[in-house]
Amino acid sequence: FSNRLDPLETGDQEFRHFSTVVRRGMENRQALDRGQFYDVGFDAICADPMAEVGAIYRHFGWQLTGEARRRMDAYLERRPRYLYG
């Protein structure tokens, strides 16, 4: 909190903070079982969210129930990607 806001200073601080978070996360990821992760591309999830959800479930050996699929479909119908611009 501050009475003075410098967007360049704030941007630099945020860049350094999130760079550290991502670097640490990637370092930690190297030490873990690769099967614990499933990377989802932004373009892929936007193009066909349910296909990506299905791929995630398959990757982890989970079952996507009809009820879960219906609820996700309903959510996507209520909240399309460009709902707010």
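Please refer to the structure higher up on the page.
Cut-offs used in this document
Here the residue index of a chain counts from 1 through its sequence in written order. Where totals are concerned, whole chains, interfaces and linings use all residues; where local detail is concerned, this predicted model gives features only for residues with pLDDT of at least 70, and gives and counts side-chain atom pairs only at 80 or more. Side-chain measures here rest on the full set of heavy atoms in the structure, leaving out hydrogens and waters. Aromatic pairing here means that ring centres of Phe, Tyr or Trp (its six-membered ring) are within 6.5 Å. Orientation follows from the plane angle: under 30 degrees is stacked, over 60 is edge-to-face, and everything else is tilted. Partly exposed describes any residue whose relative accessible area lies between the buried limit of under 20% and the exposed limit of over 50%, with all areas from a 1.4 Å probe on protein chains only and scaled to the type maximum. Here, over-ring charges are defined by two tests on the NZ atom of lysine or the CZ atom of arginine: distance to the ring centre within 6 Å, and angle to the ring normal within 35 degrees. Salt bridges are counted wherever a side-chain nitrogen of Lys or Arg sits within 4 Å of a carboxyl oxygen of Asp or Glu. A run of H or I in DSSP becomes a helix once it reaches four residues, and a run of E becomes a strand once it reaches two; helices and strands are each numbered from the N terminus.

## Focus: the packing of aromatic side chains
Aromatic rings considered in pairs are described by the distance between their centres and by the relative angle of their planes.
Here is step 1 of the chain: In this structure the tally under the stated criterion is 2 aromatic pairs.
Here is step 2 of the chain: Plain terms: the ring middles of Tyr57 and Trp62 are 5.6 Å apart, the flat faces sit at 85 degrees to each other, and that makes the pair edge-to-face.
Here is step 3 of the chain: Accessibility expressed as a relative area gives 49% for Trp62, which makes it partly exposed.
Here is step 4 of the chain: Summarising the aromatic geometry, the rings of Phe60 and Trp62 are spaced 5.0 Å apart at their centres and angled 25 degrees between planes, so their arrangement reads as stacked.
Here is step 5 of the chain: A connected cluster of aromatic rings, assembled from ring pairs, spans Tyr57, Phe60 and Trp62.
Here is step 6 of the chain: The residue whose ring lies beneath Arg29 is Phe37, and the NZ or CZ to ring-centre distance is 4.5 Å.

## Side note on the pattern of salt bridges
Side-chain pairs of opposite charge can arise whenever the charged atoms involved come near each other.
Here is step 1 of the chain: Taken as a whole and judged by the stated rule, the model has 6 salt bridges.
Here is step 2 of the chain: Arg16 serves as the salt-bridge partner of Asp12, at 3.0 Å between the closest nitrogen and oxygen. Of the two residues, Asp12 and Arg16 both sit in helix α1 (residues 7-30), 4 residues apart, roughly one turn of that helix.
Here is step 3 of the chain: Note on Asp12: relative accessible area 38%, which makes it partly exposed.
Here is step 4 of the chain: Using a relative accessible area of 47% as the deciding quantity, one classes Arg16 as partly exposed.
Here is step 5 of the chain: Two residues, Arg29 and Asp39, come together in a salt bridge whose shortest N-O distance is 2.9 Å. One end of the pair, Arg29, is in helix α1; the other, Asp39, is in the loop between α1 and α2 (42-47), with 10 residues separating them in the sequence.
Here is step 6 of the chain: Using a relative accessible area of 18% as the deciding quantity, one classes Arg29 as buried.
Here is step 7 of the chain: The class for Asp39 is exposed, based on a relative accessible area of 54%.
Here is step 8 of the chain: If you follow the salt bridges from partner to partner, you end up with Glu67, Arg70 and Arg71 in one network.

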